[in-house]
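Summary of the model geometry
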Amino acid sequence: MGNLPQPIRKIGRIVLDYKDWILSRYWLNMVQKNPEKHAMYEMKRQKQDLIRPVNLREPVYFHEKTLWLTYFIYNNSSLIAQCYNKYEVRDYIISKGLGHILNELYGVWESVDDIPWNTLPEEYVMKISNGYGNHVFKQRNQEFSIEAAKKQLQKIKKKYSYYYMNIGNLFVGGTKQHIICEKMLYSRLGRSAPEDYKFHCFHGKPMFIEFIKDRHNTSNYTSAFVDMNFQDRHDLEGEASPGTIDPPKCYDEMLEIAKTLSKDFPYVRVDLYDGEEHPIFGELTFTPFYKQTRTSQIELGKLLNVADIDEYASLLQR
């Protein structure tokens, strides 16, 4: 569509956006009435190599159990909705006595038109609070168009207002959508994003670390997947590179933070950045989208116990 005249491209985008909106309403209905049909669609969308068709009546494998949790627990949970929202999760972090690990917040707004662009710092990152990716980055001494940033934010703000229905994460719509502006973070080794340690936690116990470094965008980075002894487990992540990593200087603090922030949930991925003085909170992820292997479907499935979900139900549905 890039070679077509501007008016035709604009009409084409409107048509595609409307198609996405219609599909989202369709899949919303499936999530509520026929979740197994949606589950198979979602696994196909993610290009997962399944051991068997998704079975939500007797979930065994990791993806089956996380899908079950999503449809029957998380989608009914105000706590999950709060903790997914990049702005509202800050209150949860503070409630755990961890306010010091929050990144510096420059501002929060409901509308692009409310943003005081000319009074913001030289560098920052802007995010949609109930979205993922597509952030706006303002870096020192680099060209930056306010009008282009506005258009980008308006576009993704609109998309995130309905796309969560398509992927079945209905809890995303349980909180107000915000635009947040935070301090730009860098690696201590250079100008790329800081090293990212993603703790995969089961019933309050960190079991694996997914490590991301040299990230310049959402598709260009180096990754590793290790156990808690820092042994290579790339066999559990279809896109991780072989190899191990060294623990960061603040590893012990990271580990305690991951334990604290995961203890309320059957499964959660706690994302922490390696900050200069202490770890910096990234986000809590309840439905991770990554390339599972058949080994991870089995091994991680055994770690996630949904038979005792009543232990969490009252908390998650508060």
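Everything discussed here concerns the structure shown above.
Let me sum up the structure you'll find in this document. (Residues numbered from 1 in each chain as written. Predicted model: local features only at pLDDT ≥ 70, side-chain atom pairs only at ≥ 80, totals over all residues. Heavy atoms only, no water.)

Right, let's talk about the overall build of the protein for a bit. A count of helical and extended segments in the protein gives ten helices and nine strands. The burial tally for the protein puts 51% of its 318 residues in the buried class. When contacts within the protein are restricted to residue pairs at least 6 apart in sequence, long-range pairs at least 24 apart make up 60% of them. In the structure as shown, the protein presents an accessible area of about 16100 Å², 49% of it carried by carbon and sulfur atoms. (Helix = DSSP H or I, 4+ residues; strand = E, 2+ residues; numbered from the N terminus. Buried < 20%, exposed > 50% of the residue type's maximum accessible area, 1.4 Å probe, protein only. Contact = heavy atoms within 4.5 Å. Areas by Shrake-Rupley, 256 points an atom, 1.4 Å probe, with all protein chains shown as cover.)

For the pair helix α3 (residues 62–72) and helix α9 (residues 294–303), the least separation of the axes is 7 Å and the interaxial angle reads 55 degrees. One way to sum up the angle between α3 and α9 is to call them oblique. In this structure, α3 uses F62, H63 and K65 to contact α9, whose residues at the interface are S296, Q297, L300 and G301. In terms of residue class, the contact of α3 with α9 is made up of two nonpolar, four polar and one charged. (Axes fitted to C-alpha atoms, helices over the stretch in contact; angles between N-to-C directions. Parallel < 35°, antiparallel > 145°, perpendicular 65-115°, else oblique. Nonpolar A, V, L, I, M, F, W, Y, C, P; charged D, E, K, R; others polar.)

One pass over the structure, following the stated rule, counts one cavity of 30 Å³ or more. When its volume is computed, the largest cavity comes out at roughly 60 Å³. Lining the largest cavity, in full, are Y84, N130, G131, Y132, Y160, Y163, Y164, I167 and V172. No other element matches the three residues that helix α7 (residues 163–167) contributes to the lining of the largest cavity. Taken together, the residues of the lining of the largest cavity break down into seven nonpolar, two polar and no charged. (1 Å grid on protein atoms, 1.4 Å probe; cavity = no way out; pocket = protein on both sides within 12 Å on 5 of 7 lines; lining within 4 Å. Points joined across faces, edges and corners; volume = space filled by probe spheres on them.)

Counting residues in hydrophobic clusters, the biggest one holds 64 residues, and the most contacted among them are Y92, I93, F199, L261, V270, F281 and L284. If you tally residues by element for this core, the top one is helix α8 (residues 251–262), at six residues. Excluding anything up to four places from it in sequence, L284 contacts C83, V89, Y92, L261, V268, R269 and V270. Of all hydrophobic cores here, the second largest spans 15 residues; its members include V112, W117, Y124 and V136. (Core = buried A, V, L, I, M, F, W, Y, C linked by side-chain atoms within 4.5 Å.)

Among the structural elements, Q297 can be located in helix α9. In this structure Q297 touches D49, L50, I51, Y61, F62, H63 and Q292, once residues within four positions along its chain are discounted.

Of the pockets and cavities examined, the second largest pocket occupies roughly 320 Å³. Tallied by class, residues from the lining of the second largest pocket come to seven nonpolar, four polar and six charged.

Here strand β5 (residues 196–202) lies mainly inside the structure; seven of its seven residues are buried. Here β5 shows a buried face lined by D196, K198, H200 and F202 and a second buried face lined by Y197, F199 and C201. For β5 and strand β8 (residues 267–273), the ladder comprises seven bridges, and the chain directions are antiparallel. From the neighbouring strand, D196 faces β8, where its bridge partner is Y273. (Pairing = 2+ DSSP bridges.)

Strand order in the open sheet made by the four strands is β1-β4-β2-β3, with antiparallel pairing throughout. Pairing within the sheet leaves two strands with one partner each, and these edge strands are β1 (105–109) and β3 (136–138). Each strand of the sheet is rotated relative to its neighbour by a mean of 15 degrees, with strand direction disregarded. As defined by bridge partners, β1 adjoins strand β4 (residues 179–182) across four bridges and the pair is classed as antiparallel. Among the inter-strand pairings, V108 is bridged to a residue of β4, identified as I180. Packed onto the sheet, helix α6 (residues 146–160) meets β2 (124–128), β3 and β4 and runs at close to 30 degrees relative to β2.

The first and last C-alpha atoms of α6 sit 21 Å apart over 15 residues, in line with the 21 Å expected at 1.5 Å per residue. A149, L153, I156, K157 and Y160 are the residues of α6 that are buried. Considered in projection along α6, the buried side chains sweep an arc of 105 degrees and stay on one side of the axis. Turned more than 90 degrees off the buried face of α6, the exposed positions are K151, K155 and K158. Structurally, α6 contributes buried residues whose contacts are with β2, β3, α7 and β4. (Expected span 1.5 Å × (residues − 1). Arc of directions from axis to C-beta.)

Here we come to the pattern of salt bridges. Throughout the structure, instances matching the rule amount to 19 salt bridges. When the shortest N-O distance is used, the salt bridge between E110 and K176 registers 3.5 Å. One end of the pair, E110, is in the loop between β1 and β2; the other, K176, is in the loop between α7 and β4, with 66 residues separating them in the sequence. Ionic contacts of the salt-bridge type, sharing partners, join the residues K86, D196, K198, R269, D271 and E283 into one network. (Salt bridge = Lys/Arg side-chain N within 4 Å of Asp/Glu carboxyl O.)

Turning our attention to the packing of helix α2 (residues 35–45) against α3. At a minimum axis separation of 11 Å, α2 and α3 run at an interaxial angle of 130 degrees. Taken together, the axes of α2 and α3 lie oblique to each other. Every pair of crossing elements has a handedness; the one defined by α2 and α3 is right-handed. For the pair α2 and α3, the contacting residues are P35, H38, A39 and M43 in the first and H63, L67, Y71 and F72 in the second. (Left-handed = near helix turned anticlockwise from the far one by under 90°.)

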